Amino acid sequence: MIELHDVSYRYGAEDLLSNITLKLAAGSFHFLTGPSGAGKTTLLKLCYMELMATSGQVTIFGRPADRIGRDGVAQVRRRVGVVHQDCAFLDHLPLLENVALPLTVSGQSTEANMQELRDLLAWVGLSGRTGALPPQLSGGERQRAALARAVVMSPDVILADEPTGNLDWEMSLRLLTLLIELNRMGKTILIATHDLNLIRQTKAQIAARVLRIKDRRLQLAGADL
Amino acid sequence: MKLAAEILSVIQGDPRADRAVPPSGFTAQLTLFTGGAMAFLAVFALALALATARLADRWSGELAQTSTVRISAPDAQMEVQTKAALRVLTSTPGVKTARALDPAEQRALLAPWFGPELPVETLPIPQLIEVFETGAGYDAEGLRLRLKAEAPGAVLDDHTRWRRPLVAAAGRLNLMALAAMALIAATMVAMITLAANSALSANAQVIRVLRLVGARDSYIARAFVRRFTLRALGGAAVGTALAMIAVSLLPDAEVAGGFLTGLGFSGAGWLAPLVVPVLAAFIAFWSTRLAAMKALKGIT
């Protein structure tokens, strides 16, 4: 699905990531951990092309990222659902339209998919909030709405950046259950988090690979996880 | 073909795409006002351009086809010299007709300065002969020599001396009007580009989100382009209508006489201003599209 081969990312004079090699195989479940500022978000951005590697090769769905044009990037993002750390909603649109946004921009009718949208919002526990504007939602509701939007196009890959950052433990487990359910449906999952309890909880249920970014490099996490 | 499809999609619109970009009051009003004001000025510049073109044509055409022979002679010789001059003129190749103005016509010519009661017959004023040329025209120098021999008091005025600066002035006015129209168009490009850039900057976060969920550049640009094109079209339509009303209220040529009275449109010329709103929409379409595409290049 997505492969990074000897990838480095430099911003100005500073190396943020060095010699990263990662392969996200179809149906795999990965955690990406590391301290704040380690480069987790940067690595995720390389995977959905918000950033481009300064060296090395990123391959997305079999195509080298540096040969994908701007329209191609849009196509890639329809196959990669992203739960952003800041959720990134359009504040003037109600929740239902925000969740349907990937359908709208790809030219699909929201009306034709209305039942699926309502089912999706029910799945993330937001049935009663369809008309609410994003600023009216709690942190947990925003995270779940972001997950709903990330999966609305039924993407092959789901990338989540600190998806439980604003959630209490109960809500975090609920979101995790949703992600595990998606993985069991064959979706490839990569979650950037520093919540070790969440990782342990997941490993107890499925075979998840845990990676850690340390000193700008990627390594397999030890048995302590 | 691709561009035609894009123009069609801008006209048809997509309510959901329009909703994705929040309405921006200030830039909307600015674009409407710019479209209206520029269209108003453009219609006046167009009226001036068409009027000066007509004027240049008329002056160069009409004056080129006519000449005047002025006979200044003592009363006793006036009639003899007039007849001699007419004989010379009617036998000159290139002269279609020649006729002496009667006292009533001479009085009418002098009326603006001396009033209608002027006793022309009793005053020592020259006799005028109106000469109409054929398309090929005549040899002015040869005619002058023959007139000098047959009617010594006759002076040929072929209008060349004062026709040239008039035609040149009309031509320059025409160029200035065209330049004014070009400047108006350029100003409109600048104003709409500024307004579009302002709207794009204000909506940078919206654009980022749209890109992140898989929107193509053309989809995002279309939302802005459609909005600005329709605003410019609406504003320009109002500005054009107001300008056409203002032009129609200008005095008629017959009422006031003189140069400025020909400033309005005539006949099918009234259709020309209808192009202005279309041009305004075209300018807005391209200005916004270029601004949007440039802004989008900076957003991954």
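This one's a predicted model, so the numbers in the text were calculated from it and none came from an experiment.

About the cut-offs
Residues numbered from 1 in each chain as written. Chains lettered and ligands numbered in written order. Predicted model: local features only at pLDDT ≥ 70, side-chain atom pairs only at ≥ 80, totals over all residues. Heavy atoms only, no water. Pairing = 2+ DSSP bridges. Helix = DSSP H or I, 4+ residues; strand = E, 2+ residues; numbered from the N terminus. Contact = heavy atoms within 4.5 Å. Axes fitted to C-alpha atoms, helices over the stretch in contact; angles between N-to-C directions. Domains from an automatic or database assignment. Buried < 20%, exposed > 50% of the residue type's maximum accessible area, 1.4 Å probe, protein only. Lys, Arg positive; Asp, Glu negative; His and termini not counted. Salt bridge = Lys/Arg side-chain N within 4 Å of Asp/Glu carboxyl O. Polar contact = N/O pair within 3.5 Å; in protein donor to acceptor, adjacent residues only side chain to side chain. Buried area = accessible area lost by both parts, 1.4 Å probe.

Draft legend 1. Local environment of the sheet that holds strand β1 (residues 2-11) of chain A. Residue and element names in this part refer to chain A. The four strands lie next to each other as β2-β1-β4-β5, forming an open sheet whose pairing is antiparallel. Only two strands of the sheet have a single partner each, and these edge strands are β2 (14-24) and β5 (63-64). By the bridge criterion, two bridges tie strand β4 (residues 55-60) to β5 in an arrangement that is antiparallel. Among the inter-strand pairings, isoleucine 60 is bridged to a residue of β5, identified as arginine 63. With respect to the sheet, helix α1 (residues 40-47) is in contact with β1, β2 and β4, its orientation differing from that of β1 by roughly 125°.

Draft legend 2. Focus on the domain arrangement of chain B. With domains assigned, chain B is organised as domain 1 (2-60 + 164-297) and domain 2 (73-152). Taking the mean C-alpha position of each, domain 1 of chain B and domain 2 of chain B sit 53 Å from one another.

Draft legend 3. Highlighting the side chain of arginine 77 of chain A. Structurally, arginine 77 of chain A can be placed in helix α2 (residues 70-79). Buried charge without a salt bridge: arginine 77 of chain A, with glutamate 50 of chain A as the nearest opposite-charge side chain at an N-O distance of 5.8 Å. Among the polar contacts made by the side chain of arginine 77 of chain A, one reaches the main-chain carbonyl oxygen of arginine 211 of chain B at a distance of 3.3 Å. Those residues within four positions of arginine 77 of chain A in sequence are excluded, and the remaining contacts are Tyr48, Met49 and Glu50 of chain A together with Arg211, Leu212, Gly214 and Thr300 of chain B.

Draft legend 4. Quick look at the interface of chain A and chain B. With 26 residues of chain A in contact, the opposing surface of chain B contributes 22 residues. With both sides pooled, the region where chain A packs onto chain B buries about 2,300 Å², and carbon together with sulfur makes up 49% of that total. Looking at the side of chain A facing chain B, the largest losses of area belong to Arg70, Arg77 and Val105 of chain A, adding up to 30% of the total buried there. Residues arginine 208 of chain B and glutamate 50 of chain A are paired through a salt bridge, measuring 3.3 Å at the closest nitrogen-oxygen approach. Here chain A and chain B share 11 residue pairs in polar contact (both at pLDDT 80 or more) between them.

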